[in-house]
Amino acid sequence: MARAETDGGAVPVAIVNRAGAGAFVILCDHASNALPARFGTLGLSPADLQAHIAWDPGALGVSLRLSKFLDAPLVHPTLSRLLVDCNRAPDAHDLAPAVSETTGIPGNRDLSEEERAERVALVHTPFHAAIDEVLDERAARGLPTMLVSVHTFTPVYRGVSRPWEIGVLYDSDRRLAEQLVSALKSGSGLTVGDNEPYAPSDGVYYTLDRHGQARGLACVMLEIRNDEVADAAGEEAWAGRLGPLL
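Here goes a summary of the coordinates provided.

### A word on the pairing of strand β11 (residues 219–225)
A regular strand carries its side chains on alternate faces of the sheet.
No. 1: Burial analysis of β11 places seven of its seven residues in the buried class, the great majority of the element.
No. 2: Residues C219, M221, E223 and R225 of β11 are buried on one face, and the alternating residues V220, L222 and I224, pointing to the opposite face, are buried as well.
No. 3: As paired strands, strand β6 (residues 146–153) and β11 are joined by seven bridges and run parallel to one another. Following the sheet pairing, V150 is matched in β11 by L222.

Here you go:
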């Protein structure tokens, strides 16, 4: 789909395996750390743009493997969440944060309403429209649908270590979450976060609330600690663990 284009003509949203007939749709809100040329680097260093503040390292690799294993459509933005966070409401205070974790982002300081609206139109609106299109197409085909949103998190946040290898996040719909928490804990030796290290009360459940709970679809958010998926082998291992459970 091509509702909007970046400077080089690249589509800001990707749909992988759109016609997939499996029971799941995979979403990956923070798949990319790319920025359109006209935004430069937002004043950040190359190291900053590789860090978690710019994207969720490993999340897209796991998502692509799950898409193949489950014959699931996968929808993801192709631009960094530093530009605009597709997993936030358009009026959220951290939609385009001036500070992410402890890092200042010069290119996001004092954005005007027009600048925020431009970024929303560039990627946020097309991303959510793409999800709606995929879900509407599946409904028209009579396919059952459950949503899984794949994210990763840092091993240490603001100086505090996080013990969980994976967190399972859910809100009022618990149909997938309860089974996954139980299955992941069963004989695995994993430390599994139950609405940890984040929860919907932290404002991180926008995409699933909008497209899952609002439609009455079973949905769950997975947060994998990013040192677990730091390379292709880790991505493969986690997709291989999660795919059969799903």
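### Things to note about the pattern of salt bridges
Between side chains of opposite charge, pairing is possible as soon as their charged atoms come close.
No. 1: Under the counting rule described, the total for this entry stands at 13 salt bridges.
No. 2: Here E137 makes a salt bridge to R18, at a shortest N to O gap of 2.6 Å. Residue E137 is located in helix α3 (residues 113–141), and its partner R18 is located in the loop between β1 (13–16) and β2 (24–27); the two are separated by 119 residues in the primary sequence.
No. 3: A relative accessible area of 32% places E137 in the partly exposed class.
No. 4: Residue class for R18 comes out partly exposed when judged on its relative accessible area of 29%.
No. 5: Two residues, E118 and R38, come together in a salt bridge whose shortest N-O distance is 3.1 Å.

The rules behind each value
- Residues numbered from 1 in each chain as written.
- Predicted model: local features only at pLDDT ≥ 70, side-chain atom pairs only at ≥ 80, totals over all residues.
- Heavy atoms only, no water.
- Buried < 20%, exposed > 50% of the residue type's maximum accessible area, 1.4 Å probe, protein only.
- Helix = DSSP H or I, 4+ residues; strand = E, 2+ residues; numbered from the N terminus.
- Pairing = 2+ DSSP bridges.
- Salt bridge = Lys/Arg side-chain N within 4 Å of Asp/Glu carboxyl O.

Function cannot be inferred from these measures alone, as they are strictly geometric.
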